[in-house]
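Structural characterization, general
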Amino acid sequence: MRPDIIPGAIFPDYELSDHTAKRSKLSELQGQHPMVLVLSRGGYCPRDRRQAEGLVQLHRELEVAYCRLVTISTDNITETNEYRSGVGAHWPFLSDAGRIVLKDLDIAEYTDPVNNPMIPHVIVLEPGLVIYKIYDGYWFFGRPTLEDLRQDLRAVL
């Protein structure tokens, strides 16, 4: 991860296509709300699919708590839509098939040259894309639990 991506810094306002091919900036998706941003390897990864399945329940809570959830993966639009639908998600999934985020943040996963994914991270953002907390999920148990995210959002709110 780039050394300037730390708590208190402003996260880059990437503009990517969502699962419907509509382009959106992260700031537009966030609005004036806290946001959980999931940087995912993609729908082919069983660990990422399991994480997304767990986030389905949390998303129901986030919606009524005025918080946002966004997933970015290196999947193309079709794969992004299949990933989102396959886990039963109802939040935006953005496609970084061009590896813009992966390259800019310097989070290429060097152990998988076939899929060329990014190292998974979960980033909790305060309004204004201000980084509150960063989780490195390269190993599955480095990813935040739903309770970790609840506590982070409690602190942000």
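To be clear, the structure that these remarks concern was listed above.
What counts and how
Residues numbered from 1 in each chain as written. Predicted model: local features only at pLDDT ≥ 70, side-chain atom pairs only at ≥ 80, totals over all residues. Heavy atoms only, no water. Pairing = 2+ DSSP bridges. Helix = DSSP H or I, 4+ residues; strand = E, 2+ residues; numbered from the N terminus. Axes fitted to C-alpha atoms, helices over the stretch in contact; angles between N-to-C directions. Core = buried A, V, L, I, M, F, W, Y, C linked by side-chain atoms within 4.5 Å. Buried < 20%, exposed > 50% of the residue type's maximum accessible area, 1.4 Å probe, protein only. Contact = heavy atoms within 4.5 Å.

Examining the sheet that holds strand 1 (residues 15-18)
- Reading across from one edge, 2-1-5-4-3-6-7 is the order of the seven strands in this open sheet, with mixed pairing throughout. A single partner strand is all that each edge strand has here, and the edge strands are strand 2 (23-25) and strand 7 (130-136). Neighbouring strand axes in the sheet, compared pairwise and without regard to direction, differ in orientation by 30° on average.
- As defined by bridge partners, strand 3 (residues 35-40) adjoins strand 6 (residues 121-126) across five bridges and the pair is classed as antiparallel. Pairing of Leu37 across the sheet is with Ile123, part of strand 6.

Structural notes on the nonpolar core
- Ranked by size, the top nonpolar core spans 23 residues in total, and within it Phe11, Leu26, Leu37, Leu39, Ile72, Leu105 and Leu125 carry the most contacts.
- Those elements that provide at least two residues to this core are helix 1 (26-30), strand 3, strand 4 (68-73), helix 4 (100-105) and strand 6.
- Apart from the residues within four sequence positions on either side, Phe11 is in contact with Ile5, Leu26, Leu37, Leu105, Ile123, Leu125, Leu129 and Ile131.
- By size, the runner-up hydrophobic cluster in this structure holds 19 residues, among which are Val38, Val122, Tyr135 and Leu149.

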